[in-house]
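Residues per chain are reported as follows:
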Amino acid sequence: MNIKERAKKLKTDIPAIFLALKDEETPSSAKIIAAITVAYALSPIDLIPDFVPILGYLDDVILLPALVALTVRLIPKEIMERNRKLAEGLWKNGKPKVAFICVHNSCRSQIAEALGKHLASDVFESYSAGTETKPRINQDAVRIMKQLHGIDMEQTQYSKLISDIPNPDIAISMGCNVGCPFIGRPFDDNWGLEDPTGQSDDKFVQTIKEIEVKIIQLRAELSD
């Protein structure tokens, strides 16, 4: 196996490292290195620019694989193997299903579903749900999403219960400032977003942009 093949093999561990980062049993010291590895893998900025002859390939061929190898070494073998299997399982039946969850499924989670479909439908399927429902989606969110992205959420989305969507491979909480939804299993991530309901348009715009960034990051994390 040559150096490029070894590098490619190591980089396939990045999704498993991402899952191990969320794993409660992963040691704190390993989580720190895992976080650095995932952040570096997702960063659009290379330490050595690609246009620098030969050296520009060091990021992909040496630096990132070295970080991956170090991270794998620090994560206990049984934890790493478990998360490798989970990472493989995400793609067994096609694209992974990602559910964005908040209490009422009327604002933040609806925005995340819409932006997931808009920006990442080639990588994962987006769903949203809540532990309670509202008669309609937050009208400020609907209006501002139309303005910013030309998306009319009311055309294809509505407030749903968790039981109304497929069993997700990845469940993401929008945040707990309104209340922490209980879905019968641990969340894979908590985005910790403040609910903009009842606040200014500027707050809605800020929340939408924060969700957009997180969707793009998630797309990169789940990409091959």
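Notes on the structure in this doc start here. Predicted, not measured: the structure shown is a model, and the values here were computed from it. Note that residues are indexed from 1 along each chain, following the sequence as it is written. For this predicted model, a pLDDT threshold of at least 70 governs which residues receive local features, and a threshold of 80 or more governs which side-chain atom pairs are given and counted, while totals over whole chains, interfaces and linings are taken from all residues. To obtain the side-chain values, all non-hydrogen atoms of the structure were used and water was disregarded.

As for the sheet that holds strand β4 (residues 189-190)
By way of backbone hydrogen bonds, the strands of a sheet pair with one another, either parallel or antiparallel. Strand pairing is defined by DSSP finding a minimum of two bridges between the two strands. By definition, any uninterrupted DSSP run of H or I lasting at least four residues is a helix, any uninterrupted run of E lasting at least two residues is a strand, and each is numbered from the N terminus. Ordered in space as β2-β1-β3-β4, the four strands form an open sheet in which the pairing is parallel. A strand with exactly one partner marks an edge of an open sheet, and here the two such strands are β2 (125-129) and β4. In the sheet, strand β1 (residues 97-101) pairs with strand β3 (residues 170-173) via four bridges, with the strands oriented parallel. Following the sheet pairing, Ile101 is matched in β3 by Ser173. In what follows, a contact means two residues having at least one pair of non-hydrogen atoms within 4.5 Å. Only the stretch in contact is used when a helix axis is fitted, and all axes are lines through C-alpha atoms; the angle between N-to-C directions ranges over 0 to 180 degrees. Helix α9 (residues 201-222) rests against β1 and β3 of the sheet, and its axis sits at about 155° to β1.

Brief notes about the pattern of salt bridges
Here, a salt bridge means any side-chain nitrogen of Lys or Arg that lies within 4 Å of a carboxyl oxygen of Asp or Glu. Applying the stated criterion to the full structure yields 12 salt bridges. Close ionic contact of Asp152 with Lys146 constitutes a salt bridge, the shortest N to O distance being 3.8 Å. Under the relative-accessibility criterion, Asp152 is labelled partly exposed at 25%. One continuous salt-bridge network, built from bridges that share partners, spans Asp13, Glu81 and Arg84. Three exposure classes are used, based on accessible area relative to the maximum for each residue type with a 1.4 Å probe and protein chains only: buried under 20%, partly exposed in between, and exposed over 50%.

Let's talk about the packing of helix α6 (residues 108-120) against helix α7 (residues 139-149)
At their nearest, the axes of α6 and α7 sit 11 Å apart, and the two run at 25° to each other. Comparing the axis directions of α6 and α7 gives the class roughly parallel. In the crossing of α6 with α7, the sense of the turn from one axis to the other is right-handed. Of the residues in α7, those touching α6 at Ile111, Ala114, Leu115 and His118 are Ala141, Met145 and His149. Classifying every residue of the contact of α6 with α7 by side-chain character gives five nonpolar, two polar and no charged. Put simply, angles under 35 degrees are roughly parallel, angles over 145 are roughly antiparallel, angles from 65 to 115 are roughly perpendicular, and the rest are oblique. We call a crossing left-handed when the near helix sits turned anticlockwise from the far one by less than a right angle, and right-handed when that turn is clockwise. Gly is put with the polar residues, along with every residue not named as nonpolar or charged; the nonpolar set is Ala, Val, Leu, Ile, Met, Phe, Trp, Tyr, Cys and Pro, and the charged set is Asp, Glu, Lys and Arg.

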